[in-house]
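Take a look at the letters that make up each chain.
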Amino acid sequence: MGTPEQPRQLPLKMRLGDETSLENFLFFQELQVLHEVLTRSADPAGEHFIYLHGPSGSGRSHLLQALCQSQAAGDALYLPLRDTCDMAAAELLEGAEFLRLLCLDDLDAICGKAEWEQALFDLYNRMREQDCRLLCSAGQAPRHLPVTLPDLRSRLAWGLTLKLPESGDEQKLAILQFRASRLGLQLPAEVGRYIMSRATRSMAGLIAVLGQLDQASLAQQRQLTIPFVKDTLGW
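Residues numbered from 1 in each chain as written. Predicted model: local features only at pLDDT ≥ 70, side-chain atom pairs only at ≥ 80, totals over all residues. Heavy atoms only, no water.

So, the overall build of the chain
Thinking step 1. Secondary structure summary: the chain contains 10 helices and five strands in total.
Thinking step 2. Principal-axis analysis of the C-alpha atoms places the extent of the chain at approximately 70 × 35 × 35 Å.
Thinking step 3. Of all 235 residues assigned to the chain, the portion counted as buried reaches 47%.
Thinking step 4. Long-range pairs, those at least 24 residues apart, make up 76% of the contacts in the chain with a sequence separation of at least 6.
Thinking step 5. Of the accessible surface of the chain, which amounts to about 12,400 Å², a share of 49% is contributed by carbon and sulfur atoms.
Thinking step 6. In the chain, the 23 positive side-chain charges and the 29 negative ones have mean positions that sit 5 Å from each other. (Helix = DSSP H or I, 4+ residues; strand = E, 2+ residues; numbered from the N terminus. Buried < 20%, exposed > 50% of the residue type's maximum accessible area, 1.4 Å probe, protein only. Contact = heavy atoms within 4.5 Å. Areas by Shrake-Rupley, 256 points an atom, 1.4 Å probe, with all protein chains shown as cover. Lys, Arg positive; Asp, Glu negative; His and termini not counted. Charge placed at Lys NZ, Arg CZ, Asp CG, Glu CD.)

Okay, here's the thing in structure tokens:
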């Protein structure tokens, strides 16, 4: 009797952001179903394949990394496909079916790449034979994703599909205030609106600005006020 096949060491390990966790993500009322699905995903009865789609800045990458952070070391892998799509797909994905969780970010990046599409299709079939969960993200729903391999397109439609909406200004302000509170800061609404009127409109850019202000506030022991923001950022 042969010995069971052992998982190979995957050739790539991505560093996850320290701030990425489910607790550090503001789930608005319309996202409560998503929150419940993600928190149950590690349970035996949880979803084995979840497909998240939404515009840039909607939080897709944060959530994928957060789920990876929730797993024990070595049990999960986060792959930002936009950064890895020029690598050898079969080699990069070999052994991934032995993980507890695989998170594939930005599926859009591999659309039309025959090697990647075939490798993902093969991996999906191997994962179904193992107890591995799959969490994917893209800018579009599965039916609109420009995948050229019909079999892969059909597999992507089998998962639970959930949409992340684009945040409006009031939601971005609420996110900034929430993230500030997680840092131990109080961000008055007028200060948040001032930041949004001067900084980049992307959520990632706004969070980066908040990080700068957090460091300066800690160093100078000052509260977040408009004069403090002007002095710190040179506005």
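Describing the packing of helix α7 (residues 169-182) against helix α8 (residues 189-198)
A pair of packed helices can be characterised by two numbers: the angle between their axes and the separation between those axes.
Thinking step 1. Two elements in contact, α7 and α8, have axes whose closest approach is 10 Å; the angle formed by their N-to-C orientations is 115°. Where α7 crosses over α8, the two elements pack in a sense that is right-handed. Facing α7, whose interface residues are Asp169, Glu170, Lys172, Leu173, Leu176 and Gln177, α8 presents Ala189, Gly192, Arg193 and Met196.
Thinking step 2. Split into classes, the residues belonging to the contact of α7 with α8 amount to four nonpolar, two polar and four charged. (Axes fitted to C-alpha atoms, helices over the stretch in contact; angles between N-to-C directions. Left-handed = near helix turned anticlockwise from the far one by under 90°. Nonpolar A, V, L, I, M, F, W, Y, C, P; charged D, E, K, R; others polar.)

Description of the packing of α7 against helix α9 (residues 203-220)
Thinking step 1. With their axes 11 Å apart at the nearest point, α7 and α9 run at an angle of 35° to one another. Crossing geometry of α7 relative to α9 is assigned as right-handed. Across from Lys172, Ile175, Leu176, Arg179 and Ala180 in α7, the residues of α9 making contact are Met203, Leu206, Ile207 and Leu210.
Thinking step 2. Residue composition of the contact of α7 with α9, by class: seven nonpolar, no polar and two charged.

What about the packing of aromatic side chains?
Thinking step 1. Taken as a whole and assessed by the stated rule, the structure comprises four aromatic pairs.
Thinking step 2. Here the aromatic rings of Tyr124 and Trp158 are separated by 6.1 Å at their centres, their planes lie at 65°, and the arrangement is edge-to-face. Taken as a pair, Tyr124 in helix α5 (residues 114-128) and Trp158 in the loop between α6 (150-156) and β5 (160-163) lie far apart in primary sequence, 34 residues in all.
Thinking step 3. Joined through ring pairs, the aromatic side chains of Phe49, Tyr124 and Trp158 make up one cluster. (Phe/Tyr/Trp six-rings, centres within 6.5 Å; stacked < 30°, edge-to-face > 60°.)

With respect to α5
Thinking step 1. Compared with the 21 Å implied by 1.5 Å per residue over 15 residues, the 22 Å span of α5 between its first and last C-alpha is a close match.
Thinking step 2. Along α5, the residues classified as buried are Trp116, Glu117, Ala119, Leu120, Phe121, Leu123, Tyr124 and Met127.
Thinking step 3. Packed against the buried residues of α5 are β1 (49-53), α3 (81-84), α4 (89-93), β3 (101-105), β4 (133-138) and α6. (Expected span 1.5 Å × (residues − 1).)

Topic: the side chain of His53
Thinking step 1. Tracing the backbone shows His53 in strand β1.
Thinking step 2. Classification of His53 by relative accessible area gives buried; the value is 11%.
Thinking step 3. Sequence-distant contacts of His53, that is, excluding residues within four places in its chain, are made with Arg60, Ala138, Gly139, Gln140, Ala141, Thr161, Leu162, Lys163 and Leu164.

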